[in-house]
Each structure stands twice: as C-alpha cells, then as structure tokens.
Amino acid sequence: MHTVQISIYVLGFLIALALLFDFMNGFHDAANAIATVVSTGVLKPQTAVAMAALFNLVAILVFHELSVAASVGKGTIQPAVVDHYVVFGALIGAIFWNFLTWQFGIPSSSSHALIGGLVGAAMAKAGPGSLIASGLIKIVLFIVLSPLLGFVLGALMMLLVSWVFVRATPGKIDRWFRRGQLFSASMYSLGHGGNDAQKTIGIIWMLLIATGHSGDAAPPMWVILSCYAAISLGTLFGGWRIVKTMGQKITKLKPVGGFCAETGGAITLFVATALGVPVSTTHTITGAIVGVGASQKMSAVRWGVAGNIVWAWIFTIPASALAAAIAWWIGTRLF
C-alpha cells in the first residue's frame, strides 16, 4: 500500500482530533449509560457518571480482541483511499453531528456519525468504489438489529422478572432491584466502553497504517490506552441534555425496569463486540427502554418521542457524510 507522507504536526493534530471525538463520544453517550439508573433514583447523577466512567476504563481489561477496531480501521473504506484529508473529513463530520444533536438533546449515534463521516470523506475523494460493501452492509444491518435485539431482550427480561417475582410485594421488588441496577448499569457501561472506544482506536490505527507509523497486525498500545482514557473522561463530564429524554420521556422507569433495560442492552453490546460489529450504544439502550415499556402496556411508551429519535437515527449517516465531504474539501485546501 502507498504510504502517505505528512508532517509530524499534521499527524499529531489528527490524532488529537480523533481523541477529541472520542471524548465527545463519551460526553454525548454518558446519558445512555446513566439515564436509567439516575431517572429511577438509584444513584445521584455525579455518582452514576463516576461509575460509568470507571467501567468505561475497566473495559480495556475485558475486551482484549480488538475486532471492532479492525472493522472500523480496515473494514469500511478501501485502505488505498485513506489519507490525512479523509481522516480529517470523517472526524469533523462526526464531531459536527455529535455537537448538533447534543445541542438539541437528541440521543443519536456517535458510532454511526463516525461511519457516515468515513463514507462521506471517502466518496468525496474517490467515489462509491472507495467503500467496502461487505463491511458497511454488516454495520447497516446492525442499525436495525441492535435496537431490535435490545427491545426483545429488554421486554423478555421484564416478562421473566415479572413471572419470577409475581408473589413479591412492590416494596421488596423495589429494594432488590435498586441494588440490581448497580450491577446492570456497571455491565452496560463496560459494554459501552468496550465497543465505543475501539471505534476511535480503529480511526487512529487507520491513519498510522496509511502514514507508515504502524503495521496492520495490531494498533500500538499507546493508542489503545489513550482512546479508553479519552472516552472515560468524556463520560465523566457527562452529556446532561440527553439524560431526561433517555430516562423518562420515552417511558416511566422504576428500578426493576431500569435493571431489565440495562441488562438487555449490556447483553446486546457484549454480543456485538464479540462479533466485531461497531454498533450504536444509543440505539441499543433506547430499544431496550422501549421494550421494557411495551412489555407492560403499549401505551406506556411515548411513541412520538421514540419516533423523533428514530428520525435522528435515519439522518445520522447521510448528515455526517455530507458534513464530512464538505470538511474533506476544506481540508484539501488547508493542509
């Protein structure tokens, strides 16, 4: 593969930009990890954020296979197309969409914003032939499957718990599952860190391979450590605007419902990460919350709010791709 020659300053700037995206990913998606445990009153916001950030970081000890990073770094666009302009365009497109949706409190996907950014920048440079169809088909397939799996697992967990604890008093159920939510929220944050940090690892790895600073067998350890640290710090600072939408606007949650939603979401993330699929943690937990609400009664879900979120999902990849294409063009004139 042809090695792209760029100055060390441009390389450093792009790595810093990737870590900024990673920080924003944690900041934007903090609501996914903590909304349920905060809205049920089990933890105070500051405590919940600290716990989520800790388990984002602990994920580095659990997810040793960097299959999601490989999917992003080598499975979305043709390696020959990758250069500093493409990486710049992809990151700016993703950061733009993350910031816009955060401003309006819309729980959109940082993951799909990044994929859209890569697609837009690559197509601006080299057209549709620059895309790897098989990798993108898998990602698009899981745009549908991850919230659906979250929905099904959240609903099944709620039905199973209702059946097992049918004779228990509401007070006992509330006490038990307030404790249970500490575990389920931790597992969800672990899955979130394991899947999402690897996406930025993939981007930086892609850049280092293209510029001849890394082989394609594995990313350098400093990349792995810095990406997990950045997403953990982002989560620690927390995107509060989205918490209310996720925690109470979709459906009213009690501790038992929060436990079931987080457990269903965590299982989905663990499975996706094992398969090397960069899924949306936002889509996953939203599907699980809707599943919990719908398992009680369909009217428990505010379908209008859920519908608005789905529209944001639909627009994420095209909008970030367009922003990335514009940023690619600007980048070619800046560097």
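Use the structure listed above.
None of the values given here were measured: they were computed from a predicted structure.

> Would you mind going over the overall build of the chain with me for this structure?
Check the secondary structure of the chain and you find twelve helices and zero strands. Starting at the N terminus and ending at the C terminus, the chain contains elements arranged as α-α-α-α-α-α-α-α-α-α-α-α. Here the C-alpha atoms of the chain give a radius of gyration of 20 Å, agreeing with the 20 Å that 2.2 N^0.38 yields for 335 residues. By its C-alpha atoms, the chain is 70 × 35 × 30 Å across when sized along the principal axes. Within the chain, counting contacts between residues at least 6 apart in sequence, those at least 24 apart form 88% of the total. Total accessible area on the chain stands at roughly 13,600 Å², and carbon and sulfur atoms take up 73% of it. Positive and negative side-chain charges of the chain, numbering 18 and 8 respectively, have mean locations separated by a distance of 17 Å.

> What is the right way to look at the pattern of salt bridges in this model?
Where charged atoms from two side chains of opposite charge come close, those side chains can pair. Applying the stated rule across the entire model yields two salt bridges. Lysine 125 serves as the salt-bridge partner of aspartate 83, at 3.0 Å between the closest nitrogen and oxygen. Of the two residues, aspartate 83 sits in the loop between helix H3 (67-74) and helix H4 (84-103) while lysine 125 sits in helix H5 (residues 110-126), which places them 42 residues apart along the sequence. Classification of aspartate 83 by relative accessible area gives buried; the value is 9%. Between lysine 199 and aspartate 196 there is a salt bridge; the shortest N-O distance is 2.4 Å. Residue lysine 199 and its partner aspartate 196 are both found in helix H7 (residues 170-210); the two are separated by three residues, about one turn of the helix. Under the relative-accessibility criterion, lysine 199 is labelled buried at 1%. Look at aspartate 196 and you get buried, because its relative accessible area is 0%.

> Got a minute to help me understand helix H8 (residues 221-237) in this structure?
Because each turn of an α-helix spans 3.6 residues, side chains separated by three or four positions end up pointing in the same direction. Here H8 contains 17 residues, and its C-alpha end-to-end distance of 25 Å stays within 8% of the 24 Å for a straight helix at 1.5 Å per residue. Residues Val223, Ile224, Cys227, Tyr228, Ala230, Ile231, Ser232, Gly234 and Thr235 constitute the buried set of H8.

> Which parts of the structure should I look at to understand the packing of aromatic side chains?
What characterises a pair of aromatic rings is the spacing of the ring centres plus the angle enclosed by the ring planes. Taken as a whole, this structure holds ten aromatic pairs when the rule is applied. Taking 6.3 Å as the distance between ring centres and 35° as the angle between the ring planes, the aromatic pair formed by phenylalanine 13 and phenylalanine 88 counts as tilted. Of the two residues, phenylalanine 13 sits in helix H1 (residues 8-39) while phenylalanine 88 sits in helix H4, which places them 75 residues apart along the sequence. Residue class for phenylalanine 88 comes out buried when judged on its relative accessible area of 8%.

> Hey, could you run me through the nonpolar core in this one?
The nonpolar side chains of a soluble globular protein tend to be buried with one another. If you look at the biggest cluster of nonpolar residues, it comprises 54 residues, and the most contacted ones within it are Leu91, Ile201, Ile203 and Tyr228. Beyond its immediate chain neighbours, meaning those up to four positions away, isoleucine 203 contacts Ala18, Val72, Val87, Leu91, Leu114 and Leu118. Counting residues in each nonpolar core, the second largest holds 21 residues, with Met158, Leu253, Val256 and Val279 among its members.

> Looking at this model, I keep getting lost on the side chain of threonine 101. Mind explaining?
Within the element layout of this structure, threonine 101 appears in helix H4. The exposure class of threonine 101 is buried, given its relative accessible area of 3%. Of note is the side chain of threonine 101, whose polar atom sits 2.9 Å from the backbone oxygen of tryptophan 97. Look past the residues within four positions of threonine 101 in its chain and what remains in contact with it is His28, Ile106 and Ser108.

> Even after reading the chapter, I still don't get the packing of helix H6 (residues 133-164) against helix H10 (residues 255-275), so can you show me in this structure?
Between two packed helices, what matters for the description is the angle formed by their axes and the separation of those axes. Contact pair H6 / H10: the axes reach a minimum separation of 8 Å and the direction vectors enclose 145°. In this structure, H6 crosses over H10, and the sense of that crossing is right-handed. Of H10, the residues touching H6 (which contributes Lys138, Phe142, Ser146, Leu149, Gly150, Leu153, Gly154, Met157, Met158 and Val161) are Val256, Gly257, Phe259, Cys260, Thr263, Gly264, Ile267, Thr268 and Leu275. Counted by class, the contact of H6 with H10 contains eleven nonpolar, seven polar and one charged residues.

> Before we go on, may I ask you to explain the environment of serine 186 in this structure?
Of note, serine 186 is situated in helix H7. Along the backbone, serine 186 and asparagine 56 are 130 residues apart, and their C-alpha atoms lie at a distance of 8.9 Å. Within the structure, the side chain of serine 186 is placed 2.6 Å from the backbone oxygen of leucine 182, a separation counted as a polar contact.

The rules behind these values
- Residues numbered from 1 in each chain as written.
- Predicted model: local features only at pLDDT ≥ 70, side-chain atom pairs only at ≥ 80, totals over all residues.
- Heavy atoms only, no water.
- Helix = DSSP H or I, 4+ residues; strand = E, 2+ residues; numbered from the N terminus.
- Rg over C-alpha atoms; globule rule 2.2 N^0.38 Å.
- Contact = heavy atoms within 4.5 Å.
- Areas by Shrake-Rupley, 256 points an atom, 1.4 Å probe, with all protein chains shown as cover.
- Lys, Arg positive; Asp, Glu negative; His and termini not counted.
- Charge placed at Lys NZ, Arg CZ, Asp CG, Glu CD.
- Salt bridge = Lys/Arg side-chain N within 4 Å of Asp/Glu carboxyl O.
- Buried < 20%, exposed > 50% of the residue type's maximum accessible area, 1.4 Å probe, protein only.
- Expected span 1.5 Å × (residues − 1).
- Phe/Tyr/Trp six-rings, centres within 6.5 Å; stacked < 30°, edge-to-face > 60°.
- Core = buried A, V, L, I, M, F, W, Y, C linked by side-chain atoms within 4.5 Å.
- Polar contact = N/O pair within 3.5 Å; in protein donor to acceptor, adjacent residues only side chain to side chain.
- Axes fitted to C-alpha atoms, helices over the stretch in contact; angles between N-to-C directions.
- Left-handed = near helix turned anticlockwise from the far one by under 90°.
- Nonpolar A, V, L, I, M, F, W, Y, C, P; charged D, E, K, R; others polar.

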